[in-house]
Amino acid sequence: KQVVSTQSTGDPTKDDIATGPLDVVQAGLSCCGIEDGPVEWSSESSKATYWIRTHDNDVPDSCCVTETTNCGKNEAKATPDPAVVFTEGCETALYDYLTDNLLLIGGLGVSVAFLELFGLCGAFMLRRAILHGY
């Protein structure tokens, strides 16, 4: 038996179950689909099977440049209108985002490592002070 998450509506047949996680990514990174853009939401693709059964030739509203209800109607095609929907796949957008922010991510990681070392040194100093009665 397959377990289906029904966190928001309680009904596993609602659109937000099929697109919810990707909606957040698509809106946040200004992208559509995973690799090939909006065409992945069409019947030409083997991905997004639930969405295709219920919305053939449509993309989720989170793919739209200006998100409104049904703005992605009939936009699941190989050459969508870039003024209406994002044409870049989210894999490329995520890669670009990570490479653009690599210095920040690395700096944050190094900062956390130094904080951990500082805390460890402090713990050793406290232990020594307790044992030697300082």
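Reading the values: the criteria
Residues numbered from 1 in each chain as written. Predicted model: local features only at pLDDT ≥ 70, side-chain atom pairs only at ≥ 80, totals over all residues. Heavy atoms only, no water. Helix = DSSP H or I, 4+ residues; strand = E, 2+ residues; numbered from the N terminus. Buried < 20%, exposed > 50% of the residue type's maximum accessible area, 1.4 Å probe, protein only. Contact = heavy atoms within 4.5 Å. Areas by Shrake-Rupley, 256 points an atom, 1.4 Å probe, with all protein chains shown as cover. pLDDT = per-residue confidence, 0-100. Salt bridge = Lys/Arg side-chain N within 4 Å of Asp/Glu carboxyl O. Disulfide = S-S within 2.5 Å. Core = buried A, V, L, I, M, F, W, Y, C linked by side-chain atoms within 4.5 Å. Expected span 1.5 Å × (residues − 1).

1. A look at the overall build of the protein chain
Logical step 1: On a plain count of helices and strands, the protein chain comes out with 4 helices and 0 strands.
Logical step 2: Going residue by residue from the N terminus, the α and β elements of the protein chain occur as α-α-α-α.
Logical step 3: The 134 residues of the protein chain split such that 23% are buried.
Logical step 4: Within the protein chain, residue pairs in contact and separated by at least 24 positions form 43% of the contacts whose partners lie at least 6 positions apart.
Logical step 5: Entry remark: accessible area of the protein chain is about 9,300 Å², with carbon and sulfur atoms responsible for 60%.

2. Considering the confidence of the model for the protein chain
Logical step 1: Averaged over every residue, the pLDDT of the protein chain is 82; the share at 70 or more is 81%.
Logical step 2: In the predicted structure, residues 1-12 sits below a pLDDT of 50 and forms 12 contacts with residues beyond four places in sequence or in another chain.

3. Points about the pattern of salt bridges
Logical step 1: Tallied over the entire structure, the rule returns 1 salt bridge.
Logical step 2: Measuring nitrogen to oxygen at the nearest pair gives 3.4 Å for the salt bridge that ties Asp58 to Lys73. Of this pair, Asp58 sits in the loop between α2 (49-55) and α3 (90-100) while Lys73 is found in the loop between α2 and α3, placing the two residues 15 residues apart along the sequence.
Logical step 3: Assessed through its relative accessible area of 8%, Asp58 is described here as buried.
Logical step 4: By relative accessible area, which is 48% here, Lys73 ends up partly exposed.

4. Some remarks on the environment of Asp36
Logical step 1: Here Asp36 shows up in the loop between α1 (15-29) and α2.
Logical step 2: Through-space distance from the C-alpha of Asp36 to that of Cys90 is 8.6 Å; in sequence the pair is 54 residues apart.

5. Side note on the state of the cysteines
Among covalent bonds in proteins, the disulfide is the one between the sulfur atoms of two cysteines.
Logical step 1: Per the counting criterion, the structure on display carries 3 disulfides.
Logical step 2: What pairs with Cys64 in a disulfide is Cys71, and their sulfur atoms sit 2.1 Å apart. Since a negative S-S torsion denotes a left-handed disulfide, the Cys64-Cys71 link at about 110° is right-handed.
Logical step 3: Residue Cys64 is classed as buried on the basis of its relative accessible area of 2%.

6. Some points on the nonpolar core
Logical step 1: Counting 10 residues, the largest nonpolar core consists of Cys32, Trp41, Trp51, Val59, Cys63, Cys64, Cys71, Ala76, Val85 and Phe86.
Logical step 2: Dropping the residues within four chain positions of it, Val59 is found in contact with Cys32, Pro38, Trp41, Trp51, Gly72, Glu75, Ala76 and Val85.

7. A word on helix α4 (residues 102-132)
Logical step 1: In a regular helix each residue adds 1.5 Å, so 31 residues correspond to 45 Å; α4 covers 45 Å between its end C-alpha atoms and thus fits that length.
Logical step 2: Taking burial as the measure, the 31 residues of α4 include 0 buried ones, a minor fraction of the element.
Logical step 3: Gly133 sits one or two positions beyond α4 and adopts a positive phi of about 65°.

8. Observations concerning the environment of Glu44
Logical step 1: By the secondary structure assignment, Glu44 is in the loop between α1 and α2.
Logical step 2: Taking the C-alpha atoms as reference, Glu44 lies 9.6 Å from Asp56; in sequence the two are 12 residues apart.

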